[in-house]
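Chain and residue survey
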Amino acid sequence: MSSPAVSSRDLPHPACDEIRLEGVLHALSDPMRLRIVRELAGVTGELSCSDFELPVTKSTTTHHFRVLRESGVIRQVYRGTAKMNGLRRDELDELFPGLMAALLDAAARQAASPGD
């Protein structure tokens, strides 16, 4: 079996055994990154970076995606000129059973409650 060619546009991702709980929790501790993950969890497949409307600068948005990718929470791939983002839900659920469901449920409840 041959491996796919590596291009300069391939983005580094941690292997499943390199994903650490503290890295995932750190990545999800930021409200903007949690918002990105909630949006990805609500779709099947991938979303491009331009599908997200975040109230931050483009450079800050890029930083948030990089933190999520480097922690193992999302996978980013180029499809043509678009950078596509997908939640690594199956891998995260295997590594940390129930964690993503609990975090996403808590984030949804918090978003729905008035005040703060």
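Keep in mind that this is a model prediction, so the values were computed, not measured.

Calculation criteria
Residues numbered from 1 in each chain as written. Predicted model: local features only at pLDDT ≥ 70, side-chain atom pairs only at ≥ 80, totals over all residues. Heavy atoms only, no water. Salt bridge = Lys/Arg side-chain N within 4 Å of Asp/Glu carboxyl O. Phe/Tyr/Trp six-rings, centres within 6.5 Å; stacked < 30°, edge-to-face > 60°. Helix = DSSP H or I, 4+ residues; strand = E, 2+ residues; numbered from the N terminus. Buried < 20%, exposed > 50% of the residue type's maximum accessible area, 1.4 Å probe, protein only. Arc of directions from axis to C-beta. Contact = heavy atoms within 4.5 Å. UniProt positions renumbered as here; feature names shortened; annotations may be inferred. 1 Å grid on protein atoms, 1.4 Å probe; cavity = no way out; pocket = protein on both sides within 12 Å on 5 of 7 lines; lining within 4 Å. Points joined across faces, edges and corners; volume = space filled by probe spheres on them. Nonpolar A, V, L, I, M, F, W, Y, C, P; charged D, E, K, R; others polar.

A word on the pattern of salt bridges
Inspection of the entire model under this criterion finds eight salt bridges. Through salt bridges with shared partners, a single ionic network connects Arg-75, Arg-88 and Glu-91.

Some details on the packing of aromatic side chains
Evaluated as defined, the whole model comprises one aromatic pair. Where Phe-52 meets Phe-65, the ring centres are 5.3 Å apart and the plane angle is 70 degrees; that geometry is what we call edge-to-face. Here Phe-52, found in the loop between β1 (47-48) and α3 (58-71), pairs with Phe-65, found in helix α3; they are 13 residues apart in sequence, far enough to count as distant. Residue Phe-52 shares its accessibility class with Phe-65, and that shared class is buried.

Quick notes on helix α1 (residues 21-28)
When α1 is considered as a whole, its buried residues turn out to be Val-24, Ala-27 and Leu-28. End-on, the buried residues of α1 take up no more than an arc of 90 degrees, which puts them together on one face. Looking at the buried side of α1, the elements it contacts are α2 (31-41), α3, α4 (89-95) and α5 (99-112).

Notes on the UniProt feature "domain: HTH arsR-type" (unreviewed entry) in the protein
The UniProt entry lists residues 13-107 under the feature "domain: HTH arsR-type" (unreviewed entry), expressed in the numbering used here. Here residues 13-107 is 52% helix and 15% strand, with 25 Å between the C-alpha atoms at its ends.

A few points about the layout of surface pockets
Over the atoms rolls a probe the size of a water molecule, and its path tells where empty space is left. In this structure, the largest pocket occupies an estimated 310 Å³ of space. Along the walls of the largest pocket sit 13 residues, with Pro-31, Leu-34, Arg-38, Ala-107 and Gln-110 positioned nearest its centre. Where the lining of the largest pocket is concerned, the elements lending two or more residues are α1, α2 and α5. Sort the elements by how many residues they give to the lining of the largest pocket and α5 lands first, with five residues. Partitioned by chemical class, the residues of the lining of the largest pocket number eight nonpolar, two polar and three charged. The volume enclosed by the second largest pocket comes to roughly 220 Å³. Considering the residues around the second largest pocket, the lining is formed by Ser-48, Cys-49, Ser-50, Lys-58, Thr-61, Thr-62, Phe-65, Gln-76, Ala-82 and Lys-83. Counting residues per element, the ones that place at least two in the lining of the second largest pocket are α3 and β3 (82-87). Examining the composition of the lining of the second largest pocket, we find that four residues originate from one element, α3, more than from any other.

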